Amino acid sequence: MSAKWVRSKKWDDDHIPGALWPVKAVLRAFSSITLAVILLLGVVLYAILASVPVGLLALAPTYLIYGMSLVGVVGVMAALPVWLGSRALRGWPRGTRFVGLFLAGLGLAGVAVWIWTVAVWPALRFDAATGSGLRLFAGFIEANKALTIRRLPILEMNELEFYAWWPLRVILLLFIMNLIVATVRRIEFALPYIGVLSVHTGIVLIAVGSIYYSRDKVEGDILLMAGAPGPDGLPTPGPPERRFFDHFRPALHIQIDGLWFQRPLAGLPRYNDYNLSAGGGQSARETINAWSAGDDGGRTLDIAVPDSRALDAPAGGIGRDLRFRVVGYAAYAEPEDDWVRVDPATLTSVRPGMRLNPVRFYELYSALAGEGQQPPDGIGKPVARLFSLPSDPRARTADNGVFGVEYTIGMPAARWADLGTELPEGTMHALVVEVPLADGTAARRVEPVTPGSEFEVGGYRLRVEDLAPTPPFPIITEGYRDAQSSVAIVHVMPPAGGTYSRWVYHRFPEISQDLLEETNERGMPLRRDADPSIRIGFIDASQLQVFIDEPAGSGGDARAIIRQRGGAVRVVEGLKPGSAFEIVSKVSIGLSDRWEHAEAFERPSVVPESQREKDFVGTHGRAMAAVEVSLVDSASGQDAAPMWSRVIWLPFSKFLGAEPDRERRIDLPDGRRLTLAFGRQWSLLPGFALALTDFEMVAYDHRGSPRDYQSRVRVECMDGSFESFEHITKLNNPLRAPFMWSESRGWLANAAGRVASGLNPRQFKFSQAGWDAEGWRQTQELADQGIVPRPFASFTILGVGNNPGIHIIAFGGFLMSVGIPWAFYVKPLIVQARKRRIQRQLAEGTYRKPGHARELAGVEA
Amino acid sequence: MSSTKPGILVAAFLIISAAVFPAIAQTAPEGNAHPESQMVSESDGPLASPFGEADWGSLSAPESERAARLARKIEFSATVDLEPLRGLAVLHDGRVKILDTLARETIAQIVGRKNYQDLVPPAGASDTDPVIGDKHGYDPLFTWLDLMIDPAYYADRPLIAIGFLPLRRNFLEAAFPGDQARQDRWLRVGRVTPIMVQQFGGSIAAERDMQPGYDGALRELQGALNLWEMSLANLNMIAPAASDDPWTHLSRGPESVSRAAADLGAAWRAGDAAGVSRAAALLAAELPAINASVYPESRRSLELAYNRANAFEWGFWVYFLALVTLLIAFGTRRKWVIGLGVGFLFLALGLHAFGFTARCIIAERFAIQNQFESMTGLSLFAAIVGAAIMLGRRQWLFGAAAAGVGFLVLVTATQTAIPGQSIEREAAILNTSVLLKYHVTTVLVSYGLISLGFITSLFYLGTHYSARLRGVPADAGGVAQAALNEDGWPQGLARTLADLDTAQMTVLQLAFWTLGVGILLGAWWADHSWGRWWAFDPKETWALVTWIIYLIVVHLRVAGLRDKGLVTAWMSVIGFFVMLWTYFGVNLLLPGLHAYA
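For the structure given in this document, a descriptive report is provided here. (Residues numbered from 1 in each chain as written. Chains lettered and ligands numbered in written order. Predicted model: local features only at pLDDT ≥ 70, side-chain atom pairs only at ≥ 80, totals over all residues. Heavy atoms only, no water.)

**Digging into the overall build of chain A**
Piece 1. Regarding its fold elements, chain A presents 18 helices and 35 strands.
Piece 2. Its C-alpha atoms give chain A principal-axis dimensions of about 145 × 85 × 70 Å.
Piece 3. A total of 861 residues make up chain A; the buried ones form 47% of that total.
Piece 4. Within chain A, counting contacts between residues at least 6 apart in sequence, those at least 24 apart form 65% of the total. (Helix = DSSP H or I, 4+ residues; strand = E, 2+ residues; numbered from the N terminus. Buried < 20%, exposed > 50% of the residue type's maximum accessible area, 1.4 Å probe, protein only. Contact = heavy atoms within 4.5 Å.)

Put into structure tokens, the structure is as follows:
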């Protein structure tokens, strides 16, 4: 017990009246070490809850039993015999007895462990596949092995949010009070305690620095692009960039009239799904059981996106009649295309004259017998459901490589006739060629072909160059982009000369093209629409094909062509909704639901837990947010009932503008078009911009793994406050700006600048955070071939962060680091020296007690 | 007033900083993780076998031939001389290593143990089923070459290890449906044949991929199968002209090398051991002469010595001997036993230090940058500190503590699946920071001290409770009372306990300080490199929790407890297990930024 503590207690007794005993009790409690230990244990428990999944915590009793079983076996087989032996051998010499018992104990313990390993452990060990063995709460553990408390829907906190939550704040507040009170009432202010005082000072500095630090802390990253390739093939310096994105402050980005605006999204979930069916009506994919909304636990979401007009400056804003709310959230999902049924009557008033997008559903029936079963009656049982969008060339077919179904409305008569043409047995591909003649008739020829086939029709000579199952180049015709079809490439030699190649698509004869021998300035052949003086149709009979068509004016009745692999063909007319027709023996197609109109709708497809990358969990990085866009009467305010609203799911976009495929457009009824993105809040660097002038990845010898990444960056001053400079940012060697230690300044000026910049929240540090690995790999190959002088990257990503007050914190840490060893190792030496001195003085009779010690002499007595 | 009061304050403000921080998590910068291992090297086109085409015809050989082939293989392996090849350099997984190392790594990956063993059936019995009887183990380099030259031999032999028991059962149930006896025999072997993997792997993977535990097991299996099928791709043995360029595959070497490799393959297939030895010697002469300025020289010899010495495994056995001997010395006080124990301890330290130093030189870095390396480093430091205390205080029990730490840590590092046993390139973020090396080293030193304190505390507890069992009051403060009970011995016991208590406190205080400094150094580096000095990453959090445990330990000393030594010893045990969780559990089970730790 320290003398100061004795004095403090005496002061309490002398100055706090009996009626104020609660004050005294609290004062004593906050002076105690016991309370400090209890509060520290509270912090430990809090940390356990914050970081360890509950499934792992639930494993503790099981492992305790495992451990106890081992201890039990060793205890019974080794410790007990040794104990008995020690009693039996009491008369033996000590050394002999010790050696005997020690070696016996060691041997018996080894045997006990071996017995436990072969006899007990196999029975206890839990086998996840069979469920055998011992694991208490196995189901709970499996279900919650990745669930920490903070991820529960009622919390939805990442680690720092959980640590910043009020329960820990309360514990820490109490602890600090305990600390201060105990320090003041127990610690002497004297030389031996200078270590403690250093630590105190350090703590105060850290506390002050932390508060300052946290007030203005900003953290994010910036994408710097390289410039266009120069004459040597290497990129030129990239454009200056001022905009950086905050790491974890999500935002809704809205583009209107070419300008982007951002709205912060506060309170967004992180770990759980909410209202996964938001915005979706009757789903085409769900109708055929190809999509499920997933399990959102019935949780709903409604986060109002604030009308943060301050963020819109100087652009002016996006209009008060627009309202945005987040009404759904998928924590880890991939966007998936779907079509949602829409009543056309609800649309025509908004968009008169729009083209409908009908949907046709059909089912595949099988009357084949299963293993050991009787074949079902009639056409059999449905084995698959499919749908087509007859108006959309990309979605009007279903093709699995074995057979294809194409559903059209109003197929042109010429194509119907081509497809219905019987071919010689064994034919896999054929061309149907028609050449209009001068007398108004046409020369027509149906020719089975293979690559290299040549034949003549109406004076035209044709040679088949290729029959490709998929287009050699993606189709880019508007409305057909990326559609799939087999294609015949036919070299056409007209009687009048001027040869060309015609690309004839099996499924899209309407977009056949001629590639001429003349080339454009890039050396590519000129293209034109197919010359109408010769019509070429392509029949792909290499697999079973079913063509269903609703002729114009048929009132919904359909007809079908069933074309077997190898040429045989059958036509079925007059198919009513609900009717079926056989495509091969005991396999039929039945026509089912019809939707008059459907609209494309992108929705989240939730990624299973086991396939999620841990680094992205809880970061929004793989999340999708459902945003409801509403039109409201601007005079009535943002809370008024909407006149129109629509929900759109937005995938997360890390760098706005760099990932246009993750932005989504929405057309308002009044003709305005918005582009939306779910991403991160951006800020501008204060008074300067960065430009990438060069990048190098330094590999280990022999092109091993990367050893360093070096971005040469130019810091361009925008306001004249400093001189622009260049710096190479490497791993562990960040760029500092606007102030950077410079050889051109004196040491003192640099040091002063460094200290001042340490307090300045507008001073930033830029660390190497990402790079264009794929670009580097590709250009390395080009460099190996001598096409470019060296490999290069087309972008780099730098981490951005300010550290206001960090020097204060660092100095506090330094004081703590030196204060602890003083307290542990120096103070005892000083105390011992003092004791020796006092003993010497006592022996000499020259000792005098310090004043306060004399005062306390009576108390201690 | 306690001298440890500052500890509370330090903890307070390290923790309270969390309360004033905005809620922002931290992201890992580029180069923060160890480079991904690439067991099969990439190639820029199809590669021909430098040893000639493998003979797959033997797959269809009659069963009666199997025993004869096995006998021939054993005889051939015994007579062939592969020593000239063992030290040849090869570029693999981003590092120039020697063939012996690559062979050891490859075989360990495929077979799940250090070498491949053929099961030798009793005379007259078939070996189509594994019979637990005689086993014949092969040199890993022999097996690796044999897998490339005569892969058919292994196609229907238990080659590929499957550690995950349910998956092994799935294969055996598919291979031997309804034959429980055969399944049990194969189950005990722990390996399956490549044919089984190829026949049933696809369907089992499709069926089980999503079940708990299968994902990792199937990935390992695929890796082993790749190595069996594609090890040839790893023969990048022709040095380039410049260190920036990659090494070239053996099949693309100069004519003389190609001929020697082809001769080796032909002689191998013919069972001509002398021919193989001649070709191997020729290769060993030719390859180092190609671009000799880039071809490594002395480092190859050191790596070979490192492989052969197996210093860490010998080290733990000698530590064990030292532990036992010094404990006996503690009990008997015989000088010759003490001398023997100390001798064993220093021999173990020598082996340990050799292994660690050699690894540093081979890896061309301070080898503490994965879990295996950090374990060997921290245990070496702890053992040296323990030995120093032993010599300083002439208390041999501290030598036993040092040996105990060395034994426990090395046996864990070498005999369990601790990641990082192969020497690999370090994460770029580690390579470029001196500050980070100080941080990691300081924290590892503290872990070593915690381990030493733990063993010392175990000795305290053992001494305390064994005395209690014998009815002797054993607390360090009860010297006077103990003196009345038994002549001579209790005073010694009390002195021993007092010494142990002083030792455990000395070690734990030092651990407490170094861990604190290590954490602060980490915070400094994190601010420099990650942009935030404290982010409550799980590793940071648990390092702080570990530190708080020792903070409590040192404060309980002044809390008016009756038996401070006993409480300290128990807290030291608890703290050790918390440290283990921080060291292993956090890395393996909790995602965080300390991917390399």
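After presenting the structure, the write-up continues.
**A closer look at the interface of chain A and chain B**
Piece 1. Contacts between the two partners involve 98 residues from chain A and, on the opposite side, 95 residues from chain B.
Piece 2. Between chain A and chain B the total buried area reaches about 8,400 Å² when both faces are included, carbon and sulfur atoms providing 70% of it.
Piece 3. The largest contributions to the chain A side of the interface with chain B come from Leu160(A), His702(A) and Asn732(A), which together make up 10% of the buried area.
Piece 4. Joining chain A to chain B, the criterion identifies one salt bridge.
Piece 5. For the salt bridge of Lys765(A) with Asp527(B), the shortest nitrogen-to-oxygen distance reads 3.3 Å.
Piece 6. For the pair chain A and chain B, the interface holds five residue pairs in polar contact (both at pLDDT 80 or more).
Piece 7. Counting residues per element, the side of chain A that touches chain B draws most heavily on helix α17 (residues 806-844) of chain A, which supplies 11 residues.
Piece 8. Considering only residue class, the side of chain A that touches chain B consists of 54 nonpolar, 22 polar and 22 charged. (Buried area = accessible area lost by both parts, 1.4 Å probe. Salt bridge = Lys/Arg side-chain N within 4 Å of Asp/Glu carboxyl O. Polar contact = N/O pair within 3.5 Å; in protein donor to acceptor, adjacent residues only side chain to side chain. Nonpolar A, V, L, I, M, F, W, Y, C, P; charged D, E, K, R; others polar.)

**Let's talk about the sheet that holds strand β17 (residues 513-519) of chain A**
Residue and element names in this part refer to chain A.
Piece 1. The six strands are arranged β13-β14-β15-β16-β17-β18 in an open sheet whose pairing can be described as antiparallel. The sheet is open, and its two borders are formed by β13 (454-457) and β18 (525-529), each paired with just one other strand. Across this sheet, the average inter-strand angle for adjacent strands is 30°, counted without regard to direction. (Pairing = 2+ DSSP bridges. Axes fitted to C-alpha atoms, helices over the stretch in contact; angles between N-to-C directions.)

**Points about the pattern of salt bridges**
Side-chain pairing between opposite charges can occur once the charged atoms of the two side chains come close.
All names here are of chain B.
Piece 1. Per the counting criterion, the structure on display carries 68 salt bridges over all chains.
Piece 2. Residue Glu255 is joined to Arg259 by a salt bridge in which the shortest nitrogen-to-oxygen separation is 3.3 Å. Remark: Arg259 and Glu255 occur in helix α11 (residues 255-270); sequence separation between them is four residues, near one turn of the helix.
Piece 3. The class of Glu255 is exposed, set by a relative accessible area of 55%.
Piece 4. With its nearest N and O atoms 2.7 Å apart, the salt bridge here joins Arg365 to Glu373.

**A closer look at the nonpolar core**
All names here are of chain B.
Piece 1. Among the nonpolar cores identified, the biggest contains 130 residues, and Tyr319, Leu345, Tyr447, Phe459, Trp533, Trp547 and Tyr583 are the most heavily contacted of them.
Piece 2. Of the residues forming this core, the biggest block, 13 residues, is contributed by helix α19 (residues 434-469).
Piece 3. In this view, Leu345 contacts Tyr319, Ala322, Leu326, Ala387, Met390, Gly399, Ala402 and Ala403; residues no more than four positions away in its chain are not counted.
Piece 4. One finds Phe76, Leu145, Ala155 and Leu264 within the second-largest nonpolar core, a separate group that totals 72 residues. (Core = buried A, V, L, I, M, F, W, Y, C linked by side-chain atoms within 4.5 Å.)

**Considerations on the side chain of Thr325(B)**
Residue and element names in this part refer to chain B.
Piece 1. By the element assignment, Thr325 lies in helix α14 (residues 311-332).
Piece 2. Overall, the relative accessible area of 9% leaves Thr325 in the buried class.
Piece 3. A distance of 2.4 Å separates the side chain of Thr325 from the backbone oxygen of Leu321, its partner in a polar contact.
Piece 4. Aside from chain neighbours lying at most four places away, what touches Thr325 is Val337, Leu340, Gly341 and Phe344.

**Section: the sheet that holds strand β7 (residues 359-366) of chain A**
All names here are of chain A.
Piece 1. Overall, antiparallel pairing links the four strands, which are arranged β8-β7-β24-β23 in an open sheet. Of all the strands in the sheet, the pair left with one neighbour each is β8 (381-388) and β23 (580-584). Strand-to-strand, the axes of this sheet are offset by a mean angle of 30°, without reference to chain direction.
Piece 2. Two elements, β7 and β8, share seven bridges in a ladder whose sense is antiparallel. Across the sheet, Leu364 pairs through a bridge with Ala384, a residue of β8.

**Some words on the pairing of strand β32 (residues 725-729) of chain A**
Residue and element names in this part refer to chain A.
Piece 1. Burial along β32 is one-sided: the face carrying Phe725, His727 and Thr729 is buried and the face carrying Glu726 and Ile728 is not.
Piece 2. In the sheet, strand β31 (residues 706-717) pairs with β32 via five bridges, with the strands oriented antiparallel. The residue bridging Arg714 from the neighbouring strand is Glu726, located in β32.

**Quick look at the packing of aromatic side chains**
Piece 1. Using the criterion set out here, one finds 57 aromatic pairs over all chains in the structure.
Piece 2. Between the aromatic rings of Tyr480(A) and Phe508(A), the centroid separation amounts to 5.3 Å while the plane-to-plane angle is 75°, which identifies the pairing as edge-to-face. Taken together, the positions of Tyr480(A) in the loop between β14 (460-468) and β15 (487-493) and Phe508(A) in the loop between β16 (500-505) and β17 put the pair 28 residues apart, joining distant regions of the chain. In this pair, the class of Tyr480(A) matches that of Phe508(A), namely buried.
Piece 3. Residues Phe176(B) and Trp186(B) carry aromatic rings whose centres are separated by 5.7 Å and whose planes lie at 40° to one another, so their mutual orientation is tilted. Of this pair, Phe176(B) sits in the loop between α7 (165-175) and α8 (180-189) while Trp186(B) sits in helix α8, and the two are 10 residues apart along the sequence.
Piece 4. Taking the ring centre of Phe616(A) as reference, the NZ or CZ of Arg622(A) above it sits at 3.7 Å. (Phe/Tyr/Trp six-rings, centres within 6.5 Å; stacked < 30°, edge-to-face > 60°. Lys NZ or Arg CZ within 6 Å of the ring centre and 35° of its normal.)

**With respect to the packing of helix α9 (residues 194-208) of chain B against helix α10 (residues 214-230) of chain B**
Residues and elements named next belong to chain B.
Piece 1. The geometry of α9 relative to α10 is characterised by a closest axis approach of 11 Å and an angle of 150° between their N-to-C directions. Between α9 and α10, the interaxial angle falls into the category roughly antiparallel. Of the two elements, α9 crosses α10, and the hand of that crossing is left-handed. Only Tyr214, Leu218, Leu221, Leu225, Trp228 and Glu229 of α10 make contact with α9, whose side of the interface consists of Pro194, Val197, Gln198, Ala205 and Arg208. (Parallel < 35°, antiparallel > 145°, perpendicular 65-115°, else oblique. Left-handed = near helix turned anticlockwise from the far one by under 90°.)

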